[in-house]
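# Per-entry structural report
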Amino acid sequence: MTTKNNILNALRRESLTVIQLCEHLGVTRNAINVQLKQLEAEGRVRRKKGMQTGVPGKPAITYEAAPGSEDATSKAYPVFLMGLISTLRKKLNPDEMLNVLDETGRNLARTAGLSASADFNDDLSRVMKVADSMGASTEAIAVPGGIMVRNYSCPVGGAVRSEPCLCVTLAALFSEATGKPVTERCLRDDRLICQYFIEIEKELKEKFLNSLPGQK
């Protein structure tokens, strides 16, 4: 395991100072400080109130694992997701399966506070940021009939290779957030490239084009 994971695992058990972490892990203070800064920036570790050590001066800072970091190093999600999809396939017919995946995507949008407004460009920007926060790397380009959102880093790529139907979920996420019909047109050859076609009116497309960098 890496030093970062070792620190996180130690702090899940108890709150520790930098010196205590050095003693527990047999790592230099500098190495501990570097990893702690990264863990704090990622929101996986937080500082507690100063603990009096008995030594005159400023109390030592203690660190603890932040709430929500319990599964930060988990590798169970892909396995769990594939097991869940396999079970759903056995329980549901194809139409029911698609309905469940569609509603899942729409629930993701609602949970993230995304809803269609009068400003399509803002809606699109917000949902793209949410997708990127899940591990995507999106861009939007104008194509005949609407906008194509491309994603070069599929958040659930491992599962999609076995279960292409999962792409329906992200299509529904974009549809719920923008209020527009969205169709998945993903490429699943050697590399996965997610593509979501958003059908919009000519006027909205012109506004989108005018909002691009370099456009007046």
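Data block above holds the structure.
Reading the values: rules and limits
Residues numbered from 1 in each chain as written. Predicted model: local features only at pLDDT ≥ 70, side-chain atom pairs only at ≥ 80, totals over all residues. Heavy atoms only, no water. Helix = DSSP H or I, 4+ residues; strand = E, 2+ residues; numbered from the N terminus. Expected span 1.5 Å × (residues − 1). Contact = heavy atoms within 4.5 Å. Buried < 20%, exposed > 50% of the residue type's maximum accessible area, 1.4 Å probe, protein only. Pairing = 2+ DSSP bridges. Axes fitted to C-alpha atoms, helices over the stretch in contact; angles between N-to-C directions. Phe/Tyr/Trp six-rings, centres within 6.5 Å; stacked < 30°, edge-to-face > 60°.

### Topic: helix H3 (residues 29-41)
Because an α-helix completes one turn every 3.6 residues, residues spaced three or four positions apart along the sequence face the same direction. The end-to-end C-alpha separation of H3 is 18 Å, in line with the 18 Å expected for 13 residues at 1.5 Å each. Those residues of H3 that are buried are in contact with helix H1 (3-13), helix H2 (18-25), strand S2 (45-47) and strand S3 (62-65). One or two steps after H3, the chain reaches Gly43, where phi turns positive at roughly 75°.

### Topic: the environment of Leu36
Relative to the helices and strands, Leu36 resides in helix H3. With a relative accessible area of 2%, Leu36 lands in the buried category. A C-alpha to C-alpha distance of 40 Å links Leu36 and Phe120, two positions 84 residues apart in sequence.

### What to know about the sheet that holds S3
Spatial strand order, S1-S3-S2: three strands in an open sheet with antiparallel pairing. Each of the sheet's edge strands pairs with one partner strand only, and the pair in question is strand S1 (16-17) and S2. Pairing of S2 with S3, which is carried by three bridges, proceeds in the antiparallel orientation. When the sheet's bridge partners are listed, Val45 is paired in S3 with Ala65. Across the sheet, H1 touches S1, S2 and S3, and the angle it forms with S3 is around 95°.

### As for the packing of aromatic side chains
One pass over the structure, following the stated rule, counts one aromatic pair. When the centroid spacing of 5.6 Å and the interplanar angle of 20° are considered together, the rings of Phe174 and Tyr196 count as stacked. With a gap of 22 residues between them, Phe174 in helix H8 (residues 167-178) and Tyr196 in strand S8 (residues 192-199) connect regions that are remote in the sequence. Under the relative-accessibility criterion, Phe174 is labelled buried at 1%.

### A few points about the pairing of strand S5 (residues 146-151)
Within a regular beta strand, the side chains point alternately toward one face of the sheet and then the other, so they alternate between its two faces. Of all six residues that make up S5, five are buried, and the element is covered over most of its length. Judged from the six bridges that link them, strand S4 (residues 138-143) and S5 form a sheet pairing that is antiparallel. Looking at the pairing, Ile141 lines up with Met148 of S5. Linkage of S4 to S5, two consecutive antiparallel strands, is achieved through a turn of two residues, within which Gly145 is found at a positive phi near 90°. Where S5 lies against S8, six bridges are found, and the strand directions are antiparallel. Residue Asn151 lies in a different strand from S8, and its bridge partner there is Cys194.

Shape is all these values report; function is a separate question.
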